[in-house]
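Here is what each chain is made of, one letter per residue.
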Amino acid sequence: MQAQSQVAFDPSQGTAETVLSVDNLHKSFGALEVLKGISLEAHKGDVISILGSSGSGKSTFLRCLNLLETPSTGDIRLKGEPVFSSKDPKFSTKRDRGLTARQRSRMPMVFQGFNLWSHMTILQNVMAAPSKVLNRPAHEVEELAMSVLERVGIANKRDMYPSQLSGGQQQRAAIARALAMKPTLILFDEPTSALDPELVGEVLRVMRKLAEEHVTMLVVTHEMNFARDVSTKVVFLHQGLVEEEGTPDEVFGSPKSQRCREFLSTTSY
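So, how was this worked out
Residues numbered from 1 in each chain as written. Predicted model: local features only at pLDDT ≥ 70, side-chain atom pairs only at ≥ 80, totals over all residues. Heavy atoms only, no water. Helix = DSSP H or I, 4+ residues; strand = E, 2+ residues; numbered from the N terminus. Rg over C-alpha atoms; globule rule 2.2 N^0.38 Å. Buried < 20%, exposed > 50% of the residue type's maximum accessible area, 1.4 Å probe, protein only. Contact = heavy atoms within 4.5 Å. Phe/Tyr/Trp six-rings, centres within 6.5 Å; stacked < 30°, edge-to-face > 60°. Salt bridge = Lys/Arg side-chain N within 4 Å of Asp/Glu carboxyl O. 1 Å grid on protein atoms, 1.4 Å probe; cavity = no way out; pocket = protein on both sides within 12 Å on 5 of 7 lines; lining within 4 Å. Points joined across faces, edges and corners; volume = space filled by probe spheres on them. Nonpolar A, V, L, I, M, F, W, Y, C, P; charged D, E, K, R; others polar.

(A) Layout of the overall build of the protein. Across its full length, the protein carries 9 helices and 10 strands. At 18 Å, the protein has a C-alpha radius of gyration in line with the 18 Å of a compact globule built from 269 residues. For the protein, the spread of C-alpha atoms along the principal axes amounts to about 55 × 50 × 40 Å. Across the 269 residues of the protein, 51% fall into the buried class. Counting only contacts in the protein whose residues sit at least 6 apart along the sequence, the fraction spanning at least 24 positions is 66%.

(B) Broad picture of the packing of aromatic side chains. Inspection of every chain in the model, using the stated rule, returns 1 aromatic pair. Note on F236 and F263: the rings are 5.2 Å apart at their centroids and 45° apart in plane angle, and the pair reads as tilted. One end of the pair, F236, is in strand 9 (residues 233–238); the other, F263, is in helix 9 (residues 258–265), and 27 residues separate them in sequence. In this structure F263 comes out as buried when scored by relative accessible area, which is 6%.

(C) Just the pattern of salt bridges, in detail. Applying the stated rule across the entire model yields 13 salt bridges. Across the pair E245 and K233 runs a salt bridge whose closest N-O atoms are separated by 3.4 Å. Separated by 12 residues along the polypeptide, E245 in strand 10 (residues 241–246) and K233 in strand 9 bring together distant segments of the chain. With relative accessibility at 39%, the residue E245 sits in the partly exposed group. If you follow the salt bridges from partner to partner, you end up with E142, R158 and D159 in one network.

(D) View of the layout of surface pockets. As a volume, the largest pocket reaches approximately 710 Å³. What lines the largest pocket is a set of 22 residues, among which R104, W117, A129, V133 and R177 lie closest to the centre. Among the secondary structure elements, those contributing two or more residues to the lining of the largest pocket are helix 2 (97–106), helix 3 (122–132) and helix 5 (167–179). Ranked by the residues each element gives to the lining of the largest pocket, the list is headed by helix 2, at 5 residues. Looking at the lining of the largest pocket, its residues break down into 13 nonpolar, 5 polar and 4 charged. The computed volume of the second largest pocket comes to approximately 270 Å³. Lining the second largest pocket are 17 residues, with K182, P183, T184, H214 and V215 sitting closest to its centre. The element best represented in the lining of the second largest pocket is helix 4 (residues 138–151), accounting for 3 residues.

Quick look at the structure:
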């Protein structure tokens, strides 16, 4: 099957702005080095799918970008502003919590396990971060929350609790929560892996729609059809390094790496 044309960025619009720059990122847990020097650049409107087998460092990479894990060394910049730099002593383990929260608000993560507050309604879940982190007035935040819930197709679930929703609806609520922060880009850590097969499609449809709206996304995924059809770039990680990188046509059609070829041969798409 031929790859469909990518939807995230129209080259006729000119060179897109660089929104994320990662240079030589390392992360070790004790003696175990998980990330061994990853560099990556994302432009406005990019949808970058990150592939790789279990243990390749995919989720650790996203968690370092979002500062859920402190990188060991390297440099992360968001729209030119430093998020982390091992060369600057202010980016130590003793980080300013307010600064970290603001940086995360610009680069929120959608987790595979939803991570919604069980004691809050869906509307309250979406409103929480804009209210507490961005200090926006309640009436403005509620209007914003309703607009993003409408955008992901669950505005009618606003007064329900997470336990009353299907897994697909909970994940769409988590996406709405990220959108409510008006982020620079969104990180997705295997957003469909915890879903029953019949619910995967509804989440991928929302993500495809976001791509059409030029929302910048980094997506760790095992959904090969999504990676092939929607991505502007595909990155294959192996043992903590970028083993292969290119357009979907390049990576899926003629991968240069033997390990990437082996990985793709075991997947169905």
